[in-house]
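So you can see what is in the structure, the chains are spelled out below.
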Amino acid sequence: RMENYALTFGKMWDEPQQGEDHATHLKMHKAYRLEFTGLEQNYPPEFTGMLDQHIKMTEFLQQQEGAAMQSPAVPMNETPGEVAGNALAAPMGAMNMGVTNAGP
């Protein structure tokens with residue numbers, strides 16, 4: 001809650017950080033932001049500007065970290081059998097790595 005006041009009343013920037021609990025963080029910021037919805041004309045534009053920017057950056061980090069969790073890293077130099085996790089094909093693929101079939 002103090003961060004919300006700092007971003008609006010105190011004009012103190014707080015950079016969103018990777019690894020934070022973004023879902024909880026966003027709920028708190030968005031609930032606070034709703035208190036000013038419809039009252040924007042009573043405040044200068046910069047009053048909620050920092051909070052709005054902080055929310056956008058937090059959403060971006062949440063998407064970025066979520067995408068990173070969804071796409072597993074595939075190690076280099078793996079055969080299709082190793083990538084597919086085929087227990088029988090993986091050892092054979094590793095032994096034949098780099099060998100091309102010249103055909104009949």
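The structure reproduced in this document is the subject of the present report. All residue numbers refer to position in the chain's written sequence, counted from 1. Two thresholds apply to this predicted model, a pLDDT of at least 70 for residue-level local features and 80 or more for giving and counting side-chain atom pairs, whereas whole-chain, interface and lining totals are computed over all residues. By convention in this description, side-chain values take in all heavy atoms of the structure and omit both hydrogens and water.

1. Some points on the pattern of salt bridges
The criterion, for reference: For this analysis, a salt bridge means a side-chain nitrogen from Lys or Arg found within 4 Å of a carboxyl oxygen belonging to Asp or Glu. Starting at the N terminus, helices and strands are each numbered in turn, a helix being any DSSP run of H or I of at least four residues and a strand any DSSP run of E of at least two. To sort residues, take the accessible area from a 1.4 Å probe on protein chains only and compare it with the maximum for the residue type: under 20% means buried, over 50% means exposed, and anything in between is partly exposed.
Under the criterion given, the structure shown has three salt bridges. Between Asp52 and Arg33 there is a salt bridge whose closest N-O contact spans 2.6 Å. A residue pair is termed long-range when its members are at least 10 positions apart, and Asp52 in helix α3 (residues 46-70) and Arg33 in helix α2 (residues 22-34) qualify at 19 residues. You can call Arg33 buried: its relative accessible area is 15%. One salt-bridge network, held together by shared partners, links Arg33, Glu40 and Asp52.

2. Brief notes about the nonpolar core
What tends to happen in soluble globular proteins is that the nonpolar side chains get buried as a cluster. What counts is decided by this rule: Only buried residues count toward a nonpolar core, which is a set of Ala, Val, Leu, Ile, Met, Phe, Trp, Tyr and Cys residues joined through side-chain atoms within 4.5 Å.
Membership of the largest hydrophobic core is limited to seven residues, which are Leu7, Leu26, Tyr32, Phe36, Phe47, Leu51 and Ile55. At the level of elements, α2 and α3 are the ones that each hand at least two residues to this core.

3. What about the side chain of His54?
The following threshold applies: For this analysis, a polar contact is any N or O atom pair within 3.5 Å, provided that within protein one partner can donate a hydrogen and the other can accept it, and provided that sequence-adjacent residues contribute only side-chain to side-chain pairs. By definition, residues are in contact when any of their heavy atoms lie within 4.5 Å.
Topologically, His54 is positioned in helix α3. Residue classification places His54 among the buried positions, given a relative accessible area of 0%. One polar contact links His54 to Glu3, side chain to side chain, over a distance of 3.4 Å. At a separation of 3.2 Å, a polar atom in the side chain of His54 contacts the side chain of His29. Leaving out residues up to four positions away in the same chain, His54 has contacts with Glu3, Leu7, Trp13, Asp14, Glu15, Pro16, His25 and His29.

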